[in-house]
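Structural overview for review
Chain by chain, the residues run as shown.
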Amino acid sequence: MSTILIVDDEADIRALLAKTLTEAGHGCSTAANVSKAKMLLAGQPYDLVMTDIDMPGENGIELIKHVHNRYPQSATLVVTVFDDPKLAKEVFELGVNGYIIKPFTKNLVLITVENALRLQQFEMQEKLHTALLEREVAARTRSLDEQVHFLQKLLNAIPLPIYYKNAA
């Protein structure tokens, strides 16, 4: 079961999304604004944060930036009435995992949420794998540096110079 935070200033949208996702087996919390969402995020981790863009006070883009900075394990998804490709591109460049345009269907929400959760899981696995590879490369580099240092000391300790001539 995934935990999902739904942030929208429209109570009907929050209720509809929460009902749809709860029926699909997800645990849902809701917030009417970004300030309330930040308080909920501070209290528990969420697998997914769904947010509207245009809300009174801070907007959804500010929330997305906040989530990515403080809670990188959480996926983000936008649910908005704006169907502007430029805005969608801007939001995707922030790293959101999905974009739903209102009005939406139940199936669209369920499919997009599942996709966003899987994408986030793959991204987290990739980060872990990259970190492991970086540690392995660093360890092997240290080992090679030690070997080079040992060979240099060995060559410096030989009293007579050694010459190497290519037979060709």
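An account of the accompanying structure is given in this report. (Residues numbered from 1 in each chain as written. Predicted model: local features only at pLDDT ≥ 70, side-chain atom pairs only at ≥ 80, totals over all residues. Heavy atoms only, no water.)

1. Details of the packing of helix α2 (residues 34–43) against helix α3 (residues 60–70)
- Two elements in contact, α2 and α3, have axes separated by 10 Å at closest approach and are oriented at 15°. Considering the angle they form, α2 stands roughly parallel to α3. Crossing of α2 over α3 shows right-handed handedness. Of the residues in α3, those touching α2 at Val 34, Ala 37, Lys 38 and Leu 41 are Leu 63, His 66 and Val 67.
- Residues belonging to the contact of α2 with α3 are distributed by class as follows: five nonpolar, one polar and one charged. (Axes fitted to C-alpha atoms, helices over the stretch in contact; angles between N-to-C directions. Helix = DSSP H or I, 4+ residues; strand = E, 2+ residues; numbered from the N terminus. Parallel < 35°, antiparallel > 145°, perpendicular 65-115°, else oblique. Left-handed = near helix turned anticlockwise from the far one by under 90°. Contact = heavy atoms within 4.5 Å. Nonpolar A, V, L, I, M, F, W, Y, C, P; charged D, E, K, R; others polar.)

2. So, the side chain of Thr 51
- Topologically, Thr 51 is positioned in strand β3 (residues 48–51).
- By relative accessible area, which is 1% here, Thr 51 ends up buried.
- Those residues in contact with Thr 51 that sit more than four places away from it in its chain are Val 7, Gly 60, Leu 63, Ile 64, Leu 77, Val 78 and Val 79. (Buried < 20%, exposed > 50% of the residue type's maximum accessible area, 1.4 Å probe, protein only.)

3. Section: the packing of aromatic side chains
- By the definition in use, this model includes one aromatic pair.
- Ring geometry for Phe 92 versus Tyr 99: centroids 6.1 Å apart, planes at 35°, classification tilted.
- Here Tyr 99 falls in the buried class, since its relative accessible area comes to 15%. (Phe/Tyr/Trp six-rings, centres within 6.5 Å; stacked < 30°, edge-to-face > 60°.)

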